[in-house]
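Working through the structure, step by step
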Amino acid sequence: MSINDNIFVVIMASAIFYGTPLVFASLGEVLAERSGVLNLGVEGMMLLGAVAAAWVSTNVGGPAFVVLPLAILAAMVAAALGAAIHAFLTITLRVNQIISGLALTIFAGAAGLSSYLAGIWHLGQSPVAHQFLRLDVFGLADAPVVGPILFHQTLLTYISWIFVLGASFYLFKTRMGLHLRAVGESPQTADSVGIPVVRYRYAHVIIGGSFAGIAGACFSLMIVPTWVDGMTAGQGWIALALVIFGFWRPDLMLVGAYLFGALSSLSLTLQARGFHISTAFLAALPYVMTIVVLVIASNASSRRQLGAPAALGKPYEREER
Amino acid sequence: MEAATAPAVAAFHVTKKFPGVIANEDVTFDVRVGEVHALLGENGAGKTTLSNILTGLYRPDSGWIEVLGQKAEFHSPRDAIAAGIGMVHQHFRLIPTFSVAENIALGSAHNPVAGRFDMSAIEERIVALSESFDLPVDPRAKIWQLSVGEQQRVEIIKVLYRDARVLIMDEPTAVLTPVESEVLATTLQSMARNGRSVVFISHKLGEVASIADRVTVLRHGRSIETVTENDVTALASLMVGRDVESVKRSTESTTQSLAASTPVVLEIDDLRAVGDRGLTALDGVSLNVRAGEIVGVAGVAGNGQRELVEILAGLRRSVSGSIRVDGESLENGSTRHPIRLGVSYVPQDRMGTGLAPDLTIAENMALKKYRRPPVARPPFIRQSVIDAEARELMERFDVRAPSETTPTRRLSGGNVQKVLLAREMSGDPKVLVIASPTQGLDVGAVATVHQLLLDAAESGVGILLVSEDLDEVLALSHRIAVMYEGRVLDVVERSDADVQRIGLLMGGEMEESA
């Protein structure tokens, strides 16, 4: 038995595999939240992305290197449209962000629009035609320990790493990132120095939504890989908790995503190894963690200490008095 | 500095309406290059609205703005900044978690168009500006680490950083100690001498008279007159529109110290507490209030006053120390116990903590007595009693509103305060704790509130008056306690009070010689 069959290596490798959609979804959410808009529609947007990606992969002809990018693009657009609704409701009409986000998830999510579309498109009866396969990067897939963990993942995982680096650089090293954080901390201040608050909020909610679309595509093109009704199974909510868990910082969120990924894969891995722990208990672990994180973070004062954007959840109206 | 050139900025016939209010009506005034121009007016006279129009935050309904003789149209603050107009808002537009340099660079054109920003170049420019205008500040410090005075300097540099020729300052001294205010005045005047223009918004007559070259008086949203007047009384009557009898002077007779035999109704002993950030907020506060006495707590905001007041009202727990009300010990962190012991509380945040804005005047007035008869007749409450009592209180406290069923959110600031006072005074309290009682009120309402407080003291209530307005503290108090960094630095009799010394104490300066 090689070292790569060691249970810790297996768990770490699958943690990264299962954590990948969480990385995309939480990155998207952090962009929206850094602009001051809470979007609880992540789950719904992910399912929109998943169904769009599944349709393209099943119905568009051509080689994988053409179809898969198209599928990702379709997932991004579908989820971004959902995010645009949320943006219009919360930024322009100043609807309560929590209500609007929940509505988006109910509207687009399981037993909603995504299920309807999958139904009329007859998805889910067979695996998708093209999926993201594990790569053998630099021929190191079998290298001891690091091989399966780092060099035997799908392209989506490697793209997610680039996204994390990009988002960190964008948020903390660029002018636009500084402006974005200012909009989320104090829209009044940002407005008074000429930063277009509304444009920043729209842009980041919509782009953040498109990230949730990629996260959805991770399920239908990589993890499952076919369409299953409600296939994201609450991972959108975990992504929301991750943003808090990672103090609104992409690098820490990546760590958190893999921690949750490990918890998600635990039941499968341990079951395969014949451990006698209730699978129901193991499967529930990530959600229990989510509840714990959200309870800790729901206290407003602890939110401030954790580094939440000060204006998160608050609509902005310039001529208010 | 003769006005040979066109005005640096001017407004012509500017009108701005909000739903139900005309904030500005036909306002015309001009600011010359190189002058300090004051906009003087009471609260609600339209000063802030006007400055928000000048900086592109609001758009006028009619009328126009000219910059250096050219008609200018501002669609957003960006346009105003481009035209060389910068503003320091009363409530600073700074982001506490950002550094000084980040705040200053925010949105400024002195950065690359996109991509990375060069922090060291930004910091260099800030240091250069801060040296040439004598505004010392550390570009790397985080805003939350700075004092209010320092934050204001950051705001001023932020405006200078954008090459503004016109600097609008909205109530800049409201948050400063007297010493800091003097330094600010010097800075503004030297900026004007360097060819920039300063618009100085204030309702404080004294500082307007001493700082400004010219004064434009606003009243009820209209520009009344632009004068070179520096006589305080003349300015006062222009501002109010009638001759003002100084209400405050008449109170001096009542502020003689009370006999030592008068019973103590509030006894605070070695009170310690932590603030929201977990830092020490009260560091051993001891203070007594006698029956019928007004004890003023002076100090710059954030030195523990809020925590002290909240502990007395039971809204915050103390760490150690004791509070006795008329001899009885106050339970820590209970809001009902202080009410039972006769502690009344009028918070600074009247609409947030003091009243429920969507409830009616009558309901708000009943908030502290619905548990007892005659309002209570368990398990019901008697609306007719509530309404009748409210009508009576509105009469007694001169609350002006259409009826007792008007929601309190529709009331003006002065009437809100009167509703609160009516509720708090109606239960025969022994102690009244009141924070910033006249903040944001106009002159007429200030006089009424002051009179109500004096009447309350006359009737034997011990009053703890916390206020940042030193004039108010001096006018009403028998004794004055100065708080600084969670401690009472000194308690002085009104008759011995020396304004200069209190001002220094507020800034934490103890006398060298003991």
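As a reminder, the structure under discussion sits directly above these lines.
**Focus on the overall build of chain B**
A tally of helices and strands in chain B yields 17 helices and 22 strands. Across its three principal axes, chain B shows a C-alpha extent of roughly 70 × 55 × 50 Å. By residue count, 53% of the 514 residues in chain B fall in the buried class. As displayed, chain B has an accessible area near 22900 Å², and 48% of this comes from carbon and sulfur atoms. Taken together, the 53 basic and 69 acidic charged side chains of chain B have centroids lying 7 Å from each other.

**Quick look at the overall build of chain A**
Helix and strand content of chain A: 14 helices and zero strands. When its helices and strands are written in sequence order, chain A yields α-α-α-α-α-α-α-α-α-α-α-α-α-α. The C-alpha atoms of chain A give 20 Å as radius of gyration, which agrees with the globular expectation for 321 residues (20 Å, within 12%). Taken over 321 residues, chain A has a buried fraction of 56%. By sequence separation, contacts in chain A at least 24 residues apart represent 76% of the contacts at least 6 residues apart.

**Here's the deal with helix 1 (residues 7-34) of chain A**
All names here are of chain A. Its 28 residues place the ends of helix 1 38 Å apart at the C-alpha level, agreeing with the 40 Å of an ideal helix rising 1.5 Å per residue. Within helix 1, the axis deviates most sharply at Gly19, by approximately 40 degrees, and proline Pro21 lies no more than four positions further along. Within helix 1, 24 of the 28 residues are buried, which leaves the element mostly enclosed by the surrounding structure. Its side-chain oxygen placed 2.7 Å from the backbone nitrogen of Phe8, Asn6 serves as the N-cap of helix 1. Downstream of helix 1 by a residue or two, Gly36 has a phi angle that is positive, lying close to 100 degrees.

**Topic: the sheet that holds strand 14 (residues 320-325) of chain B**
Residue and element names in this part refer to chain B. The antiparallel open sheet is built from four strands, whose spatial order is 12-11-14-15. Two strands close off the open sheet at either side, each with one partner strand: strand 12 (280-290) and strand 15 (328-329). In terms of strand pairing, strand 11 (residues 264-274) meets strand 14 through five bridges, oriented antiparallel. Note that in strand 14 the partner of Ile268 across the bridge is Ile323. Along the sheet, helix 9 (residues 305-312) makes contact with strand 11, strand 12 and strand 14, crossing strand 11 at roughly 120 degrees.

**Observations regarding the packing of aromatic side chains**
In total, this model carries eight aromatic pairs over all chains according to the counting rule given. Seen from their ring centres, Phe24(A) and Phe163(A) are 5.4 Å apart, and the 80 degrees between their planes marks the pair as edge-to-face. Placement of the pair is Phe24(A) in helix 1 and Phe163(A) in helix 7 (residues 155-173), with a sequence separation of 139 residues. Residue classification places Phe24(A) among the buried residues on the basis of a relative accessible area of 0%. Chaining the aromatic ring pairs together yields one cluster made of Phe24(A), Phe163(A) and Phe211(A). When the ring centre of Phe17(A) is taken as reference, the NZ or CZ atom of Arg134(A) above it lies at 4.4 Å. Positioned above the aromatic ring of Trp64(B), the side-chain terminus of Lys71(B) is 5.1 Å from the ring centre.

**Some remarks on the sheet that holds strand 7 (residues 166-170) of chain B**
Residues and elements named next belong to chain B. Here six strands make up an open sheet; going across it, the order is 6-7-8-3-9-10 and the pairing mixed. Across the chains shown, the open sheet's two edge strands, defined by having one partner strand only, are strand 6 (85-88) and strand 10 (222-227). Recorded for the sheet is a direction-independent mean angle of 20 degrees between the axes of neighbouring strands. For strand 6 and strand 7, the ladder comprises four bridges, and the chain directions are parallel. Opposite Ile85, over in strand 7, you have Val166 as the bridge partner.

**Some remarks on the side chain of Asp387(B)**
All names here are of chain B. As for its position among the elements, Asp387 is in helix 13 (residues 383-396). For the buried Asp387, no salt bridge is present, and the opposite-charge side chain at shortest range is Arg391, 5.2 Å distant. Excluding residues that lie within four positions of it along the chain, Asp387 makes contacts with Ala362 and Glu404.

**A closer look at a nonpolar patch on the surface**
Residues Phe65(A), Val66(A), Leu70(A), Leu73(A), Val77(A) and Leu81(A) make up a contiguous nonpolar surface patch of roughly 590 Å² in combined accessible area. When you line up the elements, Leu81(A) lands in helix 3 (residues 64-92).

**Describing unusual backbone geometry**
Cis geometry marks the peptide bond from Pro373(B) to Pro374(B), where omega comes out at 5 degrees. Here Pro374(B) shows up in the loop between helix 12 (361-365) and strand 17 (376-377). A cis amide bond links Pro378(B) to the next residue, Pro379(B), at an omega of 0 degrees. Within the secondary structure, Pro379(B) sits in the loop between strand 17 and strand 18 (380-381). In this model, His122(A) sits at a positive phi of 55 degrees, which is unusual for a non-glycine residue. In this fold, His122(A) is placed in the loop between helix 5 (113-120) and helix 6 (146-151). The backbone of Phe247(A) shows a phi angle near 50 degrees, a positive value even though the residue is not glycine. By secondary structure assignment, the location of Phe247(A) is in the loop between helix 11 (235-245) and helix 12 (250-272). Given a relative accessible area of 37%, Phe247(A) falls into the partly exposed group.

**Section: the nonpolar core**
By size, the foremost hydrophobic cluster in this structure holds 87 residues, and its most contacted members are Ile195(A), Leu221(A), Trp227(A) and Leu106(B). The element best represented in this core is helix 10 (residues 197-223) of chain A, accounting for 13 residues. For Trp227(A), the contacting residues outside a window of four places in its chain are Leu47(A), Ala50(A), Val51(A), Ala54(A), Ser114(A), Ser115(A), Ala118(A), Leu123(A) and Gly124(A). Judged by nonpolar contacts, the second largest core, of 49 residues, contains Ala105(B), Leu129(B), Ile157(B) and Leu235(B).

What counts as what
Residues numbered from 1 in each chain as written. Chains lettered and ligands numbered in written order. Predicted model: local features only at pLDDT ≥ 70, side-chain atom pairs only at ≥ 80, totals over all residues. Heavy atoms only, no water. Helix = DSSP H or I, 4+ residues; strand = E, 2+ residues; numbered from the N terminus. Buried < 20%, exposed > 50% of the residue type's maximum accessible area, 1.4 Å probe, protein only. Areas by Shrake-Rupley, 256 points an atom, 1.4 Å probe, with all protein chains shown as cover. Lys, Arg positive; Asp, Glu negative; His and termini not counted. Charge placed at Lys NZ, Arg CZ, Asp CG, Glu CD. Rg over C-alpha atoms; globule rule 2.2 N^0.38 Å. Contact = heavy atoms within 4.5 Å. Expected span 1.5 Å × (residues − 1). Bend = angle between axes of the 7 residues up to and from the residue. Polar contact = N/O pair within 3.5 Å; in protein donor to acceptor, adjacent residues only side chain to side chain. Pairing = 2+ DSSP bridges. Axes fitted to C-alpha atoms, helices over the stretch in contact; angles between N-to-C directions. Phe/Tyr/Trp six-rings, centres within 6.5 Å; stacked < 30°, edge-to-face > 60°. Lys NZ or Arg CZ within 6 Å of the ring centre and 35° of its normal. Salt bridge = Lys/Arg side-chain N within 4 Å of Asp/Glu carboxyl O. Patch = residues over 30% accessible without salt bridge, like charges linked within 9 Å, V, L, I, M, F, W, Y side chains within 5 Å. Core = buried A, V, L, I, M, F, W, Y, C linked by side-chain atoms within 4.5 Å.

That is the geometry; function is a separate question.
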